[in-house]
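Architecture at a glance
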Amino acid sequence: MKRVKAKASVAATNGPSGATLGFEPKLWQAADKLRNNMDAAEYKHVVLGLIFLKYISDAFEEKHTALAADRKSGADPEDADEYRAENIFWVPKEARWAHLQGKAKQPTIGRILDDAMVAIERDNATLKGVLPKDYARPALDKQRLGELIDLIGTIGLGDKANRSRDVLGRVYEYFLRQFASAEGKNGGQFYTPQCVVRVLVEMLAPHEGRVFDPCCGSGGMFVQSEKFVEAHGGRIGDVSIYGQESNHTTWRLAKLNLAIRGIDAKIAQGESFHADAHKDLKADYVIANPPFNDSDWGGQRLREDARWKYGAPPVGNANFAWVQHFAHHLSPTGIAGFVLANGSMSSQQSGEGEIRKALVEGDLVDCMVAMPGQLFYSTQIPVCLWFLARDKKSGLGGRGKKMRNRRHETLFIDARRLGTLVDRVHRELADDDIAKIADTYHRWRGDGLGKYEDVAGFCKNATTEQIRAHQHVLTPGRYVGAEEVEDDGEPFDDKMKRLVAKLDEQFAESARLEQVIRKNLRGLGYGGQFESSNGRGGERD
């Protein structure tokens with residue numbers, strides 16, 4: 001439960017997905033090998049539970065050693081209050097890592113681990129109902145489980161030096177990302193790519209107040225919000241965290257993810273639409289990645305609801321139910337940033353166009369960002385970011401700086417050309433990409449450095465009247481225009497002659513190289529086969 005020390009710069013410590021310490025990929029490969037045939041959705045709880053246990057045991061043992069050395073002064077290393085006074089989890093004897101690792105080769109290791117988790121929950125109220133307790137199940141290979149314990153035992157996680165480097169946080173983040181990739185579509189239920197989270201957080205720039213995510217997954221939005229506060233001179237605790245998650249196993253992941261970083265949060269388990277656990281909350285910041293185009297949200301039971309001030313959302317799609325749920329929970333000066341499918345910017349189906357019109361005419365839409373494709377593990381659906389502001393007239397932005405009056409204006413950013421493919425199917429935004437998007441927004445709203453200017457093909461400040469002329473469609477491409485291409489001054493006719501001449505040269509070089517390759521193949525005795533297969537038999541030099 002110790003808190004991570006403030007870092008001078010988020011960019012210095014985290015790349016687009018969190019810079020690795022070097023051993024995470026090797027650790028993942030070894031752990032994944034031990035998975036054998038177990039489904040990734042099940043295995044993640046096995047691994048992440050053990051990683052958490054190793055962390056709290058390391059922190060406990062370091063304090064235990066210090067207390068044992070100070071017995072002459074009356075210190076008692078077996079007094080649980082000594083640990084709780086310093087926000088360190090109390091670990092009972094049967095749950096300490098040395099004890100568990102000593103029994104890792106026993107066939108009863110599954111039951112021993114379950115008993116350890118029960119004991120930790122018993123003695124630490126904040127972890128009640130959170131830890132996995134099904135290591136004894138027959139489907140889990142106990143020999144491989146023992147090997148996994150030995151593997152995780154090789155990493156220092158919870159001692160002071162490793163806490164200061166946030167080793168656990170970064171290992172946990174890396175494993176969440178890898179499990180999301182392994183689970184494919186289902187991975188999106190608990191994981192939002194860190195580069196997307198960072199864009200949202202850097203644009204919202206939370207510095208103090210209440211942060212709310214009513215579909216919080218594994219809690220990544222909260223973790224990044226706390227990091228942002230620390231990196232900009234604040235302290236963990238300057239923001240109050242509120243969340244809700246409908247999936248019970250994902251809720252457990254969130255509780256663990258926040259516990260390992262010492263982040264105090266009120267995370268409820270339940271369905272936000274039908275059992276809103278924070279009904280009276282008015283948040284300064286709402287940040288979320290709700291399920292895309294959810295058709296099974298029980299909308300038929302919520303036709304008349306106080307949240308639908310801009311129109312009843314369609315039963316068959318929850319997108320605008322989420323939008324209005326977020327708006328409902330904003331304070332009078334609150335700002336929301338969230339991810340939605342691209343269709344939300346232009347759909348006219350089932351009254352969605354009318355709801356979007358009402359949001360625009362109500363002057364809530366502050367900024368729209370079209371994101372690059374292939375950012376998510378769970379879907380190839382193109383996504384966008386929405387930003388809503390309750391008070392465009394004033395309000396405090398980053399580091400408490402006053403924002404300009406931007407009533408009846410909306411910023412459009414087309415970021416689809418940004419990012420780099422890290423493999424065949426996944427793209428990530430680099431630090432520079434994230435900064436380009438966030439800095440543009442802050443300059444526009446008046447709490448950034450420098451003066452905002454429209455950039456053709458990238459960003460445009462549009463009036464409500466201009467949006468009205470586009471029938472309230474909010475696709476950035478409609479507003480930013482085409483990117484300006486610099487004129488090189490070469491007349492078109494001259495350029496075409498030069499390019500055609502160059503193409504002739506390349507054709508000639510291609511033909512020459514083809515003959516060289518054919519000659520070499522014939523020298524190896526394969527020329528005839530090659531020529532026959534290409535319908536070119538009999539051709540000679």
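Throughout this description, residue numbers start from 1 for each chain and increase along the sequence as written. This being a predicted model, a pLDDT of at least 70 is required before a residue's local features are given, and a value of 80 or more before pairs of side-chain atoms are given or counted; all residues contribute to the totals for chains, interfaces and linings. Excluded from the side-chain calculation are hydrogens and water; included are all heavy atoms of the structure.

1. A few points about the nonpolar core
Quick reminder of the rule: Only buried Ala, Val, Leu, Ile, Met, Phe, Trp, Tyr and Cys residues count toward a nonpolar core, and they belong to the same one when joined by side-chain atoms within 4.5 Å. The buried label goes to any residue with under 20% of its type's maximum accessible area, the exposed label to any with over 50%, and the partly exposed label to all in between, with areas taken from a 1.4 Å probe on protein chains only. The way it works is that DSSP assigns letters per residue, a run of H or I at least four long becomes a helix, a run of E at least two long becomes a strand, and they are numbered from the N terminus. The contact criterion used is simple: two residues touch if any of their non-hydrogen atoms lie within 4.5 Å.
Phe175 and Val369 are the most contacted members of the largest nonpolar core, which has 109 residues in total. Element by element, the count of residues in this core is highest for helix α3 (residues 40-68), at 14 residues. Beyond its immediate chain neighbours, meaning those up to four positions away, Phe175 contacts Glu24, Leu27, Trp28, Ala31, Val47, Leu48 and Ile51. Among the nonpolar cores identified, the runner-up in size contains 39 residues, and Ala283, Met368, Leu474 and Tyr479 belong to it.

2. A short note on the packing of aromatic side chains
For clarity, the cut-off: Side-chain rings of Phe, Tyr and Trp (the six-membered ring for Trp) are treated as a pair once their centres are within 6.5 Å; stacked means planes under 30 degrees apart, edge-to-face means over 60, and tilted covers the remaining angles. Definition used: whenever NZ (Lys) or CZ (Arg) falls within 6 Å of the ring centre and also within 35 degrees of the ring normal, the charge is taken to sit over that ring.
Evaluated as defined, the whole model comprises 14 aromatic pairs. Summarising the aromatic geometry, the rings of Phe326 and Phe338 are spaced 4.8 Å apart at their centres and angled 50° between planes, so their arrangement reads as tilted. Of this pair, Phe326 sits in helix α13 (residues 319-328) while Phe338 sits in strand β5 (residues 330-341), placing them 12 residues apart in sequence. Under the relative-accessibility criterion, Phe338 is labelled buried at 0%. Members of the aromatic cluster, connected to one another through ring pairs, are Phe273, Trp297, Trp308, Phe320, Trp322, Phe326, Phe338 and Trp386. Across the ring face of Phe458, the terminal group of Lys436 is positioned such that the distance to the ring centre comes to 4.4 Å.

3. A few points about the sheet that holds strand β8 (residues 409-414)
Threshold: Pairing between strands is defined by DSSP: at least two bridges between the two strands are required. Note on method: axes are straight lines fitted to C-alpha atoms, helices fitted across the in-contact stretch only, with angles between N-to-C directions ranging 0 to 180 degrees.
One open sheet holds the 9 strands; their spatial order is β3-β2-β1-β4-β5-β7-β6-β8-β11, and the pairing between them is mixed. Two strands in the sheet have a free side with no partner beyond their single neighbour: β3 (265-269) and β11 (459-463). Averaged over all pairs of adjacent strands, the angle between their axes in this sheet comes to 15°, without regard to strand direction. Lying on the sheet, helix α11 (residues 220-231) is in contact with β1 (209-213), β2 (239-245), β3 and β4 (283-288); it crosses β2 at an angle near 170°.

4. A look at the packing of α13 against helix α14 (residues 352-361)
Put simply, the rule reads: Any angle that is under 35 degrees is reported as roughly parallel, and any over 145 degrees as roughly antiparallel; angles of 65 to 115 degrees are reported as roughly perpendicular and all others as oblique. Should the near helix be turned anticlockwise from the far one by less than a right angle, the crossing is left-handed, and should it be turned clockwise, the crossing is right-handed. Under the grouping applied here, Gly and all other residues not named as nonpolar or charged are polar, the nonpolar ones being Ala, Val, Leu, Ile, Met, Phe, Trp, Tyr, Cys and Pro and the charged ones Asp, Glu, Lys and Arg.
Relative to each other, α13 and α14 sit at 25°, their axes nearing to 10 Å. The angle between α13 and α14 places the two elements in the roughly parallel class. Crossing geometry of α13 relative to α14 is assigned as left-handed. Residues Phe320, Val323 and Gln324 of α13 touch α14, and the partners they reach there are Glu352, Ile355, Arg356 and Leu359. Of the residues that constitute the contact of α13 with α14, the class distribution is 4 nonpolar, 1 polar and 2 charged.

5. Comments concerning the side chain of Arg427
The cut-off we apply is this: Side-chain atoms alone can form a polar contact between residues adjacent in sequence; in general such a contact is a pair of N or O atoms within 3.5 Å, and within protein one must be able to donate a hydrogen while the other accepts it.
In this fold, Arg427 is placed in strand β10 (residues 427-428). Here Gly419 takes part through its backbone oxygen, which lies 3.2 Å from a polar atom of the side chain of Arg427. Here Arg427 is in contact with Pro372, Gly373, Gln374, Leu375, Leu418, Gly419, Thr420, Leu421 and Val422, once residues within four sequence places are set aside.

6. A closer look at unusual backbone geometry
Of note, the phi angle at His408 is positive, near 65°, even though the residue is not glycine. By the element assignment, His408 lies in the loop between β7 (383-389) and β8.

7. Some remarks on the pairing of β5
Note the following rule: Orienting the strands away from the viewer, one traces the path from the first strand over the helix to the second; a clockwise path indicates a right-handed crossover.
Judged by how many residues are buried, β5 sits mostly within the fold: 10 of 12 residues are covered. Here 5 bridges tie β4 to β5, and the two strands are oriented parallel to one another. Bridging from a neighbouring strand, Tyr285 pairs with Ile335 of β5. Regarding the hand of the β-α-β motif, the stretch spanning β4, α13 and β5 is right-handed. Across 7 bridges, β5 lies against β7 in antiparallel orientation. In the sheet register, Ala336 faces β7, and the bridge partner there is Leu388.

8. Considerations on the confidence of the model for the protein chain
Stated formally: Per-residue confidence from the prediction method is given by pLDDT, with values spanning 0 to 100.
For the protein chain, per-residue confidence averages 85 on the pLDDT scale, and 85% of positions sit at 70 or higher. Scored below 50 in pLDDT, residues 1-21 shows 71 contacts in the model against residues more than four places distant or in partner chains. Here residues 535-541 scores under 50 on pLDDT; set against residues more than four positions off or in separate chains, the count is 12 contacts.

9. Some thoughts on α3
For clarity, the cut-off: To estimate how far a helix should extend, the number of its residues minus one is multiplied by 1.5 Å.
Under the 1.5 Å per step criterion, the end-to-end length of α3 is 41 Å for 29 residues, consistent within 8% with the ideal 42 Å. Along α3, 22 of the 29 residues are buried, which leaves the element largely enclosed by surrounding structure.

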